[in-house]
Amino acid sequence: MSPKHIILTLLIMLCPIGMAAQSTITRHKPKPAVTKHKPAAKPKTKPKPAPRRNSTHHSSSTSSTVSLSAELNKLINNMVYVSGGTFTMGATSEQESDDDPDEKPTHSVTLSSYYICRYEVTQALWRAVMGSNPSEFKGDNLPVECVNWFDCQTFINRLNSYTGRNFRLPTEAEWEFAARGGNYSRHHKYSGSNHIGYVAWYGENSGTRTHSVGTKQANELGLFDMSGNVWEWCNDWEGTYNSYSQTDPTGPNNGSYRVLRGGSWTNQDWGCRSSTRGYFPPIDRDSNFGLRLALSHL
């Protein structure tokens, strides 16, 4: 065998060994360590605040609605039924020497049944209906004042739109009949007593201001403050009395002055009698002018 063949034979024999060795080396070559990098943590974000609601407006609106509903319920519950009847209107004998010329002559009046409120209109009721309070002396349970006759009509119209009823000011005759105690009258000089301090806030005990409604004694019908606290607007124009009997009178058809009744915290005792008449221009406002509501039908 020639030297060339010998070399070739040796190469053929060694080649599988080299391949096997290379294969072995490759198989056992350690794999490079793979370091898995944790993804960067997402930055913590503050949760978005919930959109703000106008809680003040919502609360105010709800409170206003609740207040109006509560005041209207109280008003309805405080309407007192006055059974119709006949009485003598004007300067009757118990008024003694305190009567005024405009309270004469006395005359017979017959009235149909109606309702009248147990209390003067309070500031809480006025504000619930009107959204404002014109009074000089502030307090929810104080009578509203500084209102003129036209203000009262505006208030009543709005009140009626809320209630579906026909509230109104009482006629002068209705007011006096109720002040005297209606069919249960004991013929007192003031509404509910011959002693004014029992039933009225007037010039001698008021401390020059109004007082919460219903804090004096009631009259025979359970009505409060018909004497004193604030004058109460009536529906009538002022007119002179005559001696003729009348049925459900509503006063003159026109005039310059509207009637107020009952006297107030500024008046002396003679001004708070059941037959005392007051009258002012319907545009006048004063801190002793208020109102009381009436209804023909509940």
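All figures in this text were calculated on a predicted structure; none of them were measured in a lab.

(A) Structural view of the environment of valine 213. Summarising the element assignment, valine 213 is placed in the loop between α6 (196–199) and β5 (231–237). Overall, valine 213 belongs to the buried group, its relative accessible area being 7%. As a C-alpha pair, valine 213 and asparagine 141 span 72 residues in sequence and 6.2 Å in three-dimensional space. With residues near it in sequence (within four places) discarded, valine 213 still touches Tyr119, Glu120, Thr122, Asn141, Leu142, Pro143, Asp225 and Asn229.

(B) Representation of the nonpolar core in the model. Ranked by size, the top nonpolar core spans 29 residues in total, and within it Phe155, Phe167, Leu291 and Leu293 carry the most contacts. Ignoring any residue separated from it by four or fewer positions in sequence, one finds leucine 291 in contact with Glu120, Val121, Trp126, Val144, Val147, Cys152, Phe155, Leu169, Trp231, Glu232 and Trp233. The next biggest cluster of nonpolar side chains, apart from the first, holds 19 residues, and it includes Phe87, Val109, Leu111 and Leu223.

(C) Representation of the sheet that holds strand β2 (residues 85–89). Here three strands make up an open sheet; going across it, the order is β2-β3-β6 and the pairing mixed. The sheet is open, and its two borders are formed by β2 and β6 (246–247), each paired with just one other strand. Relative to strand β3 (residues 107–111), β2 runs antiparallel, the two sharing five bridges. Across the sheet, glycine 85 pairs through a bridge with leucine 111, a residue of β3. Strands in contact with helix α5 (residues 172–179) are β2 and β3; relative to β2, the strand with the most contacts, it is inclined by about 95°.

(D) The arrangement of the environment of serine 206 in detail. Counting through the fold element by element, serine 206 comes out in the loop between α6 and β5. Each C-alpha atom, one on serine 206 and one on asparagine 229, is 8.0 Å from the other, the two residues being 23 residues apart in sequence. For serine 206, the residues in contact, after removing those within four places along its chain, are Trp201, His211 and Trp265. A polar contact is formed between the side chain of serine 206 and the backbone nitrogen of threonine 208, at a distance of 3.1 Å. A polar atom in the side chain of serine 206 sits 3.0 Å from the backbone oxygen of tryptophan 265.

(E) Spotlight on the sheet that holds strand β4 (residues 114–117). Taken in spatial order, the three strands line up as β1-β4-β10 in an open sheet, and their pairing is antiparallel. What marks the edges here is a single partner per strand, and that holds for β1 (79–82) and β10 (294–295). Taken together, the two bridges between β4 and β10 define a ladder with antiparallel strand orientation. Bridged to isoleucine 116 within β10 is alanine 294.

(F) Summary view of helix α4 (residues 149–163). With 15 residues, α4 extends 21 Å from end C-alpha to end C-alpha; this agrees with the ideal 21 Å at 1.5 Å per step. The complete set of buried residues in α4 reads Trp149, Asp151, Cys152, Phe155, Ile156, Leu159, Asn160 and Thr163. One side of α4 holds all its buried residues, which, seen down the axis, span an arc of 165°. Turned more than 90 degrees off the buried face of α4, the exposed positions are Asn157 and Ser161. A distance of 3.0 Å separates the backbone nitrogen of phenylalanine 150 from a side-chain oxygen at the start of α4, and that oxygen is part of asparagine 148. Count one or two residues on from α4 and you reach glycine 164, which has phi positive near 75°.

(G) The arrangement of the pattern of salt bridges in detail. With the rule as written, the count across this model stands at 15 salt bridges. The partner of aspartate 99 in a salt bridge is lysine 104, and the shortest N-O contact between them spans 3.8 Å. Looking at aspartate 99, the relative accessible area reads 18%, which means it is buried. You can call lysine 104 partly exposed: its relative accessible area is 44%. Two residues, arginine 180 and glutamate 176, come together in a salt bridge whose shortest N-O distance is 3.0 Å. In this structure arginine 180 comes out as buried when scored by relative accessible area, which is 8%. Connected through salt bridges with shared partners, the residues Glu94, Glu172, Glu176, Arg180, Arg261 and Arg277 form a single ionic network.

(H) Representation of the side chain of glutamate 94 in the model. If you trace the backbone, glutamate 94 turns up in the loop between β2 and β3. You can call glutamate 94 buried: its relative accessible area is 15%. Within the structure, the side chain of glutamate 94 is placed 2.7 Å from the side chain of arginine 180, a separation counted as a polar contact. Sequence-distant contacts of glutamate 94, that is, excluding residues within four places in its chain, are made with Arg180, His187, His188 and Lys189.

Cut-offs and rules
Residues numbered from 1 in each chain as written. Predicted model: local features only at pLDDT ≥ 70, side-chain atom pairs only at ≥ 80, totals over all residues. Heavy atoms only, no water. Helix = DSSP H or I, 4+ residues; strand = E, 2+ residues; numbered from the N terminus. Buried < 20%, exposed > 50% of the residue type's maximum accessible area, 1.4 Å probe, protein only. Contact = heavy atoms within 4.5 Å. Core = buried A, V, L, I, M, F, W, Y, C linked by side-chain atoms within 4.5 Å. Pairing = 2+ DSSP bridges. Axes fitted to C-alpha atoms, helices over the stretch in contact; angles between N-to-C directions. Polar contact = N/O pair within 3.5 Å; in protein donor to acceptor, adjacent residues only side chain to side chain. Expected span 1.5 Å × (residues − 1). Arc of directions from axis to C-beta. Salt bridge = Lys/Arg side-chain N within 4 Å of Asp/Glu carboxyl O.

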